[in-house]
Structures are given as C-alpha cells and as structure tokens.
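# Coordinate analysis (summary)
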Amino acid sequence: MSLPFLVYDIIIRVYAFLIRMAAPFNLKARKWVDGRKEWYRSLEKTLPPGGADIWMHCASLGEFEQGRPVLENLRRNHPEKYILLTFFSPSGYEVRKNYANANHICYLPLDTRENAYRLTLLVKPRLVIFVKYEFWFHLLKVLDERRIPVLLISAIFRPDQFFFRWYGKPFRKSLVYYKKIFVQDKHSAGLLQKAGVTGAVVAGDTRFDRVIGVAAHPRKLPALEAFLQGDRPWVAGSTWLHDEELIRACHRPISKWIIAPHEVTATRLLQIEKIFPGKTVRYSTLLAAPEKFLQQTILLVDNVGMLSSLYRYGAVAYVGGGFDHGIHNILEAAVYGVPVVFGPKYHKFKEAVDLIGIGGAFTVSDEKDLEKVMIKL
C-alpha cells in the first residue's frame with residue numbers, strides 16, 4: 001500500500017475512534033455509531049437475493065437534495081428497480097430514513113478494505129451513483145475490480161483540493177474508477193482534464209432542478225399567513241448559534257422574522273428562545289391558534305422539511321452556516337427571487353459567488369454589515 005493510502009487508512013480509523021469516544025456525550029456522534037451497528041445483517045435481511053439494481057450514496061441532506069432529482073427520475077422511469085440509498089451523516093439519514101422512492105435506506109459503513117469487500121459482495125449493485133464530494137477510495141477500488149459502473153454527479157472541483165496537490169497523484173488516479181463524472185461547471189472539467197482525467201461532462205448542479213420543482217408546487221401554510229398578517233418577514237434558514245447572535249445584535253428593526261435552525265433539537269430550540277426572550281412562538285404552538293400570537297415577532301420553526309416552502313413568504317432570506325461550517329442551500333430561497341444574505345465563508349460555493357456577482361446576494365461579517373444590507377434592501 002502506498003504511503004498516501006496508508007495515511008488515508010489511519011485518518012479513517014482515527015476519525016471513527018474519535019466519533020466513538022464522543023458518542024456518550026454527543027447525540028449526533030451516538031447516532032453515527034449506533035446506525036452502523038450490525039450494518040451487514042441489516043442489509044442481509046432486506047436486500048433481494050440478486051442485490052440492488054441502483055445504489056445511490058449521499059454524504060448528508062444537502063447532497064441528497066442534489067441526488068434527489070436523478071433518483072426520482074430513475075424511479076419514475078424504472079419503477080421495477082430495487083434502489084438502495086445510503087448516507088454518511090445522521091443529518092441526512094435521520095431526515096430521509098423513510099423516503100418513499102428508495103427500497104432500503106441505511107448508513108454507509110466505514111471505508112476500510114474489509115468493509116468495502118463485504119459491502120459490494122452483499123449489495124451486488126448494477127449501477128452506483130455518488131453525489132458531489134464522495135471519494136471513498138477503498139470502495140471505489142473494489143467496485144472497479146468487480147467491474148461495477150460508478151457515476152459521480154453534481155461534482156465540483158477546486159485547485160486547493162488534495163487531488164491537485166503535490167501529494168495527490170495516487171488520489172487523482174482513483175478518479176478513473178468513475179465511469180463518468182458529471183461536473184457543475186467548465187472550471188471543474190478543466191481541472192480534471194489537466195490532471196489527466198478525461199471524459200467529464202458539464203451537466204450543471206442538480207439542486208437547480210430540485211428547487212425549481214419545489215417552487216413550481218408551493219405549499220400553502222394558512223397558520224403562517226394568519227401570523228404574518230400580510231407582512232413580508234426576513235426568513236433565517238439553517239441557522240447556527242453565531243447566526244442567531246448576529247441577528248440579535250443588529251439594531252435595525254424588522255417587523256417579523258422566521259427562524260428555522262439547522263438542527264431542530266430541544267436544546268437548540270431552548271437556546272434560541274433564550275436569545276430572543278419573550279419574542280418567539282414555535283410553529284407547532286402557532287398551528288392551534290395563530291391569532292393568539294400576533295404580538296410575537298419571531299416564528300421559531302420546530303420541524304424539519306418545510307424551510308423551502310417558507311422562503312417564498314419572505315422579503316429577504318438569511319441563510320446560515322457562513323461563519324463556521326460553510327453556507328447551507330441558498331438556492332431554496334433564490335428560486336423565489338428573494339435576495340439572499342449569508343456569512344463570509346461562501347467562496348467554495350459557486351452559486352453564492354455567482355449570485356453575489358449579479359447583485360442577488362450579500363455577504364456579512366458582523367452586525368454593522370447586516371445593518372448596511374438591511375438599509376440597502
């Protein structure tokens with residue numbers, strides 16, 4: 001085994017060890033560990049004898065939204081096919097574990113050589129589709145050895161990725177294991193070509209297909225409309241603590257806000273209610289009698305799955321994650337023609353760079369920036 005792949009193995013195992021150490025104290029880590037227990041037996045019980053016709057793997061919820069239009073078209077055109085859907089992260093699996101268009105949904109086991117061989121022998125896929133950033137090198141190698149075609153869709157490449165560093169040659173070679181790579185832009189295709197990976201297809205970002213489909217069939221939310229009383233709120237979606245503290249620090253008044261945190265847990269909801277004492281009402285509470293809460297200025301969304309429908313009610317969208325984790329999906333808001341605001345860590349997201357370039361988005365680093373944007377808009 002070459003040194004880079006030895007390092008890769010060590011990193012994979014250290015990562016798993018750290019997750020297991022964190023599991024007793026962190027709910028997400030615990031779900032990551034528990035979801036992979038007896039993974040082999042779970043698949044053995046549910047897969048048909050012939051294996052899966054199509055296997056799609058997504059890292060998390062955002063990648064699922066990119067893969068979803070492809071998966072749903074496959075289901076529509078091939079209803080008889082057995083589709084396996086796997087996730088790496090609990091934030092994807094927990095939200096979509098009951099998704100109707102897949103026959104079975106589970107976690108992807110850790111990418112060791114042993115697991116890669118066991119998994120492919122068990123699943124026996126006829127076609128594998130990875131979404132965006134999925135580069136599990138042992139799994140790719142085994143799939144290639146078994147001559148199983150693997151596609152990578154909605155991929156995007158940047159010069160600072162390890163494929164294009166001085167130490168990245170062994171990993172660049174692994175890219176040839178994909179039968180076809182569908183990239184989001186010409187820049188990505190050019191990087192691959194320079195690296196000796198030919199045949200990339202510029203196909204765009206499938207999230208555009210997804211958000212256009214959602215916007216074409218908007219959900220009507222009568223309780224929300226009663227609460228808004230015709231106001232156009234700022235909709236803050238997929239927020240983290242830094243985002244909420246920024247909103248609190250801003251002194252320019254907005255008549256109403258909708259805040260939908262990225263993680264909808266009891267702890268996070270209480271945290272937000274403490275940041276905005278006396279100003280919030282939870283959506284689940286609002287449903288019973290919206291007319292009782294008209295004096296509240298902040299609607300706190302305590303469910304998962306309705307954010308894309310909320311943006312159409314907004315005057316402006318604030319999308320979270322741009323201070324710590326990288327911004328979340330801004331296309332869900334932009335598809336309605338709503339100006340989008342987000343934090344400073346956006347440069348890895350082509351749609352954010354492009355939207356700023358045409359004046360449809362604004363980045364902020366502190367409350368002064370946010371107030372300037374509020375005045376501008």
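The preceding data block contains the structure.
Residues numbered from 1 in each chain as written. Predicted model: local features only at pLDDT ≥ 70, side-chain atom pairs only at ≥ 80, totals over all residues. Heavy atoms only, no water.

Let's shift gears to the overall build of the protein chain. Along its length, the protein chain carries 18 helices and 14 strands. Radius of gyration (C-alpha) of the protein chain: 22 Å, near the 21 Å computed for a compact globule of 377 residues. Along the first, second and third principal axes, the C-alpha atoms of the protein chain reach 65 × 45 × 45 Å. Within the protein chain, the fraction of its 377 residues that count as buried is 51%. In the protein chain, the proportion of contacts linking residues at least 24 apart, taken out of those at least 6 apart, comes to 61%. Of the roughly 18,200 Å² that the protein chain leaves accessible, carbon and sulfur atoms contribute 56%. (Helix = DSSP H or I, 4+ residues; strand = E, 2+ residues; numbered from the N terminus. Rg over C-alpha atoms; globule rule 2.2 N^0.38 Å. Buried < 20%, exposed > 50% of the residue type's maximum accessible area, 1.4 Å probe, protein only. Contact = heavy atoms within 4.5 Å. Areas by Shrake-Rupley, 256 points an atom, 1.4 Å probe, with all protein chains shown as cover.)

Attention shifts here to the pattern of salt bridges. Within the structure shown, the criterion is met by 19 salt bridges. Asp-53 serves as the salt-bridge partner of Arg-126, at 2.9 Å between the closest nitrogen and oxygen. Here Arg-126 is found in the loop between α6 (113–123) and β4 (127–131), whereas its partner Asp-53 is found in the loop between α3 (39–46) and β1 (54–58), with 73 residues between them in sequence. Its salt-bridge partner being Lys-141, residue Glu-145 comes within 2.6 Å of it at the nearest N-O pair. (Salt bridge = Lys/Arg side-chain N within 4 Å of Asp/Glu carboxyl O.)

What follows is about the nonpolar core. Of all hydrophobic cores here, the largest spans 49 residues; its most connected members are Leu-43, Phe-130, Leu-139, Phe-157, Tyr-178 and Ile-181. Leu-228, Leu-286, Leu-310 and Val-319 belong to the second largest nonpolar core, which has 32 residues in total. (Core = buried A, V, L, I, M, F, W, Y, C linked by side-chain atoms within 4.5 Å.)

Let's shift gears to helix α18 (residues 367–376). Within α18, the full set of buried residues consists of Leu-370, Val-373 and Met-374. The buried side chains of α18 occupy one side of the element, clustering within an arc of 100° when seen end-on. Counted as exposed and oriented over 90 degrees from the buried face of α18: Lys-368, Lys-372, Ile-375 and Lys-376. A distance of 3.1 Å separates the backbone nitrogen of Lys-368 from a side-chain oxygen at the start of α18, and that oxygen is part of Asp-366. (Arc of directions from axis to C-beta. Polar contact = N/O pair within 3.5 Å; in protein donor to acceptor, adjacent residues only side chain to side chain.)

The next point concerns unusual backbone geometry. Working note: non-glycine residues mostly have negative phi, and peptide bonds are mostly trans. The phi angle at Glu-38 is positive, at roughly 55°, despite the residue not being glycine. Inspection of the secondary structure puts Glu-38 in the loop between α2 (27–34) and α3. If you check the backbone angles, Lys-132 has positive phi at about 65° while not being a glycine. Accessibility expressed as a relative area gives 7% for Lys-132, which makes it buried.

Here Gly-204 lies in the loop between β7 (201–202) and α10 (206–216). Along the backbone, Gly-204 and Phe-182 are 22 residues apart, and their C-alpha atoms lie at a distance of 7.9 Å.

What follows deals with the pairing of β4. Counting buried positions along β4 gives four out of five residues, so the element sits mostly inside the fold. By the bridge criterion, four bridges tie β1 to β4 in an arrangement that is parallel. The residue bridging His-57 from the neighbouring strand is Phe-130, located in β4. Here β4 runs beside strand β5 (residues 150–155); their pairing, made up of four bridges, is parallel. (Pairing = 2+ DSSP bridges.)

The subject of this paragraph is the sheet that holds strand β8 (residues 234–239). Read from one edge to the other, the open sheet built from seven strands follows the order β10-β11-β9-β8-β12-β13-β14, with strand pairing classed as parallel. Bordering the open sheet on either side are β10 (280–282) and β14 (361–363), each of which pairs with just one other strand. Adjacent strand axes in the sheet meet at a mean angle of 20° when their direction is disregarded. Examined bridge by bridge, strand β12 (residues 316–319) and strand β13 (residues 340–342) share three bridges and lie parallel to one another. Note on β13: the bridge partner recorded for Val-319 is Phe-342. (Axes fitted to C-alpha atoms, helices over the stretch in contact; angles between N-to-C directions.)

Another aspect to go through is the packing of helix α12 (residues 241–249) against α18. At a minimum axis distance of 9 Å, the contact between α12 and α18 shows a crossing angle of 65°. The two elements α12 and α18 meet at a crossing, and its hand is right-handed. When α12 is examined against α18, the residues Leu-246, Ile-247 and Ala-249 are found in contact with a partner set consisting of Glu-367, Leu-370 and Glu-371. Within the contact of α12 with α18, the residues separate by chemical class into four nonpolar, no polar and two charged. (Left-handed = near helix turned anticlockwise from the far one by under 90°. Nonpolar A, V, L, I, M, F, W, Y, C, P; charged D, E, K, R; others polar.)

A word on the sheet that holds β4. The seven strands are arranged β3-β2-β1-β4-β5-β6-β7 in an open sheet whose pairing can be described as parallel. In this open sheet, the two strands that pair with only one neighbour each are β3 (104–107) and β7.

Let us now look at the packing of α6 against helix α7 (residues 137–145). Running from amino to carboxyl end, α6 crosses α7 at an angle of 45°, the nearest separation of the two axes being 9 Å. Put simply, α6 runs oblique to α7. Where α6 crosses over α7, the handedness of that crossing is right-handed. Together, Arg-113, Ala-116, Tyr-117, Leu-119 and Thr-120 of α6 and His-138, Leu-139, Val-142, Leu-143 and Glu-145 of α7 make up the contact between the two elements. (Parallel < 35°, antiparallel > 145°, perpendicular 65-115°, else oblique.)

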